Structure formats: structure tokens, C-alpha cells
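Here is how the chains run, residue by residue.
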Amino acid sequence: MRIGLIGYGGVGKAFIKLIVEKGSALKAQGLDLEVIYIMGSKRGLYNPQGINCAQLLAASKDGESITIADTEENRKITPAFLLQNKDIDLLVELTSTNKETGEPARSYILKALENKIHVVTGNKGPIVHSYWELDQAAKENGVQLGIGCTCGGALPSVNGGTIEMAGSQVYSIEGVLNGTTNYILKEMEDTGCTYRDALEKAQTSGIAEADPSFDVEGWDTALKLLILTNVVMKQNKKLSDIKIEGITGLTPEEIQLAHGEGKRYKLIGRATREGETLHMVVRPEKLGEGHAFYHVDGKNKAVRYESDTLGELTLIGGASGTTAAAASILRDIVLIYNR
Ligand code: HSE
């Protein structure tokens, strides 16, 4: 399978490293992944015979990421060049999220699908804005669109809601969908530190978004809730339909007070159907030990579905991190190959 990667940030780098580490095992299972393009925001690498990622990684400064030299040749390797060449089977789209329009990722994905190229993305922007349009394009062109990474990475929230709940009507979705805030709240509870100190730790560990307000003001949770609601409950909701409150207003005193009551704050995203109305909200909530999410610790996340015929399903795990996110991209590629 010939792969083009657009977006060489933390997850993109971890993805290439993972391909190098897992390449032989996947090949033994019949899946030969050949990376043809690696593209950063300003330049890229292209080798129609396949980029020797293992060699370039071994020769790199830290063994963690391949350097894309600033040469005239590499500056010509752009998304437009890749989409014009059409010489890949699958596009991995990992540019950063634009929550206002989903662009330019939406256009890259649409063009690739129209050219009968499978797409796997970790980018929430195009999925919140245009999921049904992209889904339709994939179907019309006989290719697949993998979006598992957009909703909690290693937490199988999309597959859980679509594959495992297939044929039922999901009437409620509840989740701890952001690892950064979950980590911050637990850190504040355990050490009594301030929100700023805990955020700094999350940033050092690489899980916080480039702009951490995305995490702590609830946007990341809201985007994931919106994707799950639209995809699992077959809706066409918008970000403006969600009431969003983050964790920035919570004080160490409130967290300790909850601790004294045997409770914990979690940033919850919830979509609930009441008759014809769908309520969507993101807000910190105090949970007691009886709640399934009480023990969702550290960078872990969770999602819970309630349905008419398949009952309840709770999934816990999928700790946030670049390697875990990259692994969820690889999971979608393997699933596409196996279908
Ligand atoms: N910043 C996110 C989190 C990871 O902390 O879960 C990407 O969605």
C-alpha cells in the first residue's frame, strides 16, 4: 500500500517511527506499507520508489524524526503536487485542526477520495464540518475514510459507537474525551497544585494541544463530542449547538472540597436525546465513586453509549499521547486493508 503523509507534527513523526518499528511484522501479515510522501507545512520528501524511512530515521539527529532539508526540490513537494500525482493508495492527513472551517484539510481529503484514494485522518476540523459530504464521496468512489484518531486516538470511540452498536439507536453519549484536562484535574486533586502548574506538566509530556486553550476551555472535548454525535447518532449538528464550559474556572479549593466528599471533577461531554430534542453539553462535573468514569485516571479517556436494543457500552482507556494517536492511524489503515 503506497502512502502519502501530509502533516509532519508530533503525531506525523510518531507515525513514521511506528511504520519503521512495525514494518516487518505488518509485511509478514501481507500488508506492505510504502511511504512515498512525507510532507511538513513548508516542504516535503517524495520518492516514488518509497522513502527509506528506517535509514533516514537512523541517520537523524535524535532517531525520533526525519529532517526534511530546506532545499528547492523539497519546497516543491506540496499537497497540491501530491493530489495532482495521484500515485498513492492511501492519504494520511494530519495537518492541524481548523475548527472554524475545516480547511484546507477538507479539500485535501475530498480531492483524494474523488481520486479513489483511501484517507485516514486525525484532523477534527474537516470531520466536524463535512463528515457526511466526505463519507458520501468515499462511498461514491469505492474507497474508505478512517476517522478513529479524531475522537480520542487509541480510545476506540468511533468504532465502538458505529461497529459495536450497529443496528441499535444510540440515544445518549457521555465521555471523558480529553486526556489533558483529565490529567490536569487528577494532578490538582493529588498534589493540590494550581491549574497552571498541572497544565505545564501536561504540555511537557506532549499531550496538550499546540494552543492549550483548545483543551482547557473544552473545545477539544466539544469537537470530539460533535463528531461522535454526528457519526454515531446520524446527526448534522454544529459546534454552536453545544454549550461549552472548560476547567479554567475550577479552583484548587473546589477540587479539594470534592475530594473531601469522595468525589472527583471530570470534564464531561454529553449528548442526550429527549424526545425530538438533542441536548449537547461540555462541562466539569463532580462524580462519585459509583460512576463508571470515577476511576478514569491520568491521560486516559472514556466513552459510554446507551442504546435501545444493545443496552449500554462503556469503553475506558486510550491514554492520550503522540504514539497512541499514531497507533490509531495505523489501526485504521490495517482495518481498511482487512475490509
Ligand atoms: N489534546 C488532546 C488530549 C489530544 O489531551 O486528549 C488530541 O485530541
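Everything below is about the structure printed above this text.
The residue numbering used here restarts from 1 in each chain and proceeds along that chain's sequence as written. In keeping with the model being predicted, local features are shown solely for residues with a pLDDT of at least 70 and side-chain atom pairs are shown and tallied solely at 80 or more, while totals for entire chains, interfaces and linings include all residues. Side-chain measures were taken over the full set of non-hydrogen atoms in the model, leaving aside hydrogen atoms and water.

### So, the site of the ligand
Reasoning step 1: For this purpose, a residue is taken to be near a molecule or strand whenever a single non-hydrogen atom of the residue falls within 4 Å of it. Around the ligand sit Lys124, Asn178, Gly179, Thr180, Ile207, Glu209, Asp215, Asp220, Lys224 and Ser320, and that is every residue in its neighbourhood.
Reasoning step 2: One nitrogen or oxygen atom from the side chain of Lys124 is found 3.1 Å from an oxygen atom belonging to the ligand.
Reasoning step 3: Per-residue and other accessible areas follow the Shrake-Rupley method at a 1.4 Å probe size, with only the shown protein chains counted as cover for residues. For the ligand, the accessible surface in isolation is 260 Å², of which the surrounding protein chains cover 85%.
Reasoning step 4: Strands are runs of DSSP state E lasting at least 2 residues, helices are runs of H or I lasting at least 4, and numbering of each runs from the N terminus. Broken down by secondary-structure element, the contributors of at least two residues to the shell around the ligand are α8 (179-191) and α11 (219-232). Any N or O atom pair separated by 3.5 Å or less is treated as a polar contact, with the protein-specific requirement of one donor-capable and one acceptor-capable atom, and with residues adjacent in sequence counted only for side-chain atom pairs.

### Regarding the environment of Ile268
Reasoning step 1: Tracing the backbone shows Ile268 in strand β9 (residues 263-274).
Reasoning step 2: Counting along the chain gives 35 residues from Ile268 to Val303, while the straight-line C-alpha distance between them is 9.7 Å.
Reasoning step 3: Leave out the neighbours within four places in its chain, and Ile268 touches Glu174, Gly175, Val176, Thr221, Val281, Val282, Arg283, Glu285, Leu287 and Phe293. We call two residues in contact whenever any of their non-hydrogen atoms come within 4.5 Å of each other.

### Quick look at the pattern of salt bridges
Reasoning step 1: Here a salt bridge means any side-chain nitrogen of Lys or Arg lying within 4 Å of a carboxyl oxygen belonging to Asp or Glu. All told, the structure shown has 21 salt bridges when counted by the stated rule.
Reasoning step 2: The salt bridge partner of Glu64 is Lys17, with a shortest N-O separation of 3.6 Å. Taken together, the residues Glu64 in the loop between α2 (53-58) and α3 (72-75) and Lys17 in helix α1 (residues 10-28) connect sequence positions 47 residues apart.
Reasoning step 3: Residue classification places Lys17 among the partly exposed positions, given a relative accessible area of 23%.
Reasoning step 4: Its salt-bridge partner being Glu285, residue Arg270 comes within 2.7 Å of it at the nearest N-O pair. Placement of Arg270 in strand β9 and of Glu285 in strand β10 (residues 277-288) is noted, with a sequence separation of 15 residues between them. A single burial state applies to Arg270 and to Glu285, both of which are buried.
Reasoning step 5: A cluster of three or more residues bridged by salt bridges with shared partners is formed by Glu174, Arg270, Arg283, Glu285, Arg304, Glu306 and Glu312. The rule is simple: take the accessible area with a 1.4 Å probe, protein chains only, and divide by the maximum for that residue type; under 20% is buried, over 50% is exposed, in between is partly exposed.

### Things to note about the pairing of strand β11 (residues 301-307)
Reasoning step 1: For β11, the tally of buried residues reaches seven of seven residues, placing the bulk of the element in the interior.
Reasoning step 2: Alternating residues of β11 divide into Lys301, Val303, Tyr305 and Ser307 and Ala302, Arg304 and Glu306, and every residue in both groups is buried.
Reasoning step 3: When DSSP finds two or more bridges between two strands, those strands count as paired. Of the strand pairs in this sheet, strand β7 (residues 170-176) and β11 are connected by six bridges, and their pairing is antiparallel. In the strand pairing of β11, Ile173 is matched with Tyr305.
Reasoning step 4: Inspection of the sheet shows β11 paired to strand β12 (residues 312-317) by six bridges, in the antiparallel sense. Its bridge partner being in β12, Lys301 is matched across the sheet by Gly317.

### Quick word on the sheet that holds strand β3 (residues 44-46)
Reasoning step 1: With mixed pairing, the six strands of this open sheet are ordered in space as β3-β2-β1-β4-β5-β6. With partners counted over all chains shown, the strands left at the sheet margins are β3 and β6 (145-146), one partner each.
Reasoning step 2: Here strand β2 (residues 34-39) runs beside β3; their pairing, made up of three bridges, is antiparallel. Following the sheet pairing, Met39 is matched in β3 by Gly44.
Reasoning step 3: Against the sheet, helix α13 (residues 322-338) makes contact with β1 (2-6), β4 (90-93), β5 (118-121) and β6, and its axis sits at roughly 155° relative to β5, the strand it touches most. Axis lines are fitted through C-alpha atoms, for helices just across the contact stretch, and the angle between N-to-C directions can take any value from 0 to 180 degrees.

### Quick look at the nonpolar core
Reasoning step 1: Each nonpolar core is a collection of buried residues, namely Ala, Val, Leu, Ile, Met, Phe, Trp, Tyr and Cys, held together in the definition by side-chain atoms within 4.5 Å. Residues Ile173, Ile184 and Leu228 are the most contacted members of the largest nonpolar core, which totals 68 residues.
Reasoning step 2: What Ile173 contacts, discounting residues up to four positions off in sequence, is Leu225, Leu228, Thr229, Val232, Met233, Gly269, Arg270, Ala271, Val303, Arg304 and Tyr305.
Reasoning step 3: Counting residues in hydrophobic clusters, the runner-up holds 31 residues, among them Tyr8, Ile19, Cys53 and Ala325.

### A look at helix α9 (residues 195-204)
Reasoning step 1: Those residues of α9 that fall on the buried side of the exposure criterion are Tyr195, Ala198, Leu199 and Ala202. Viewed end-on, α9 has its buried residues packed into an arc of 100°, placing them on one side of the element. In α9, the exposed positions angled more than 90 degrees off the buried face are occupied by Arg196, Glu200 and Thr204.
Reasoning step 2: Those residues of α9 that are buried are in contact with α8 and α10 (213-216). It is the directions from the helix axis to the C-beta atoms that the arc portrays.

### A look at the packing of α8 against helix α12 (residues 252-260)
Reasoning step 1: Between α8 and α12, the shortest axis-to-axis distance is 9 Å and the interhelical angle comes to 75°. One element, α8, and the other, α12, form an angle in the roughly perpendicular class. Here α8 contributes Leu185, Met188 and Glu189 to the contact with α12, which in turn contributes Pro252, Ile255, Gln256 and His259.
Reasoning step 2: Its residues assigned to classes, the contact of α8 with α12 comprises four nonpolar, two polar and one charged. We call two directions roughly parallel when the angle between them is under 35 degrees, roughly antiparallel when it is over 145, roughly perpendicular when it lies between 65 and 115, and oblique otherwise. Throughout, the ten residues Ala, Val, Leu, Ile, Met, Phe, Trp, Tyr, Cys and Pro are labelled nonpolar, Asp, Glu, Lys and Arg are labelled charged, and all others, Gly among them, are labelled polar.

### Focus: the pairing of β1
Reasoning step 1: Within β1, four of the five residues are buried, which leaves the element mostly enclosed by the surrounding structure.
Reasoning step 2: In the sheet, β1 pairs with β2 via five bridges, with the strands oriented parallel. Pairing of Leu5 across the sheet is with Ile38, part of β2.
Reasoning step 3: Handedness of the β1-α1-β2 crossover: right-handed.
Reasoning step 4: By the bridge criterion, four bridges tie β1 to β4 in an arrangement that is parallel. Considered in β4, the bridge of Ile6 is made with Glu93. Orient the strands so they point away from the viewer, and a crossover whose first-strand-to-second-strand path over the helix runs clockwise is right-handed.

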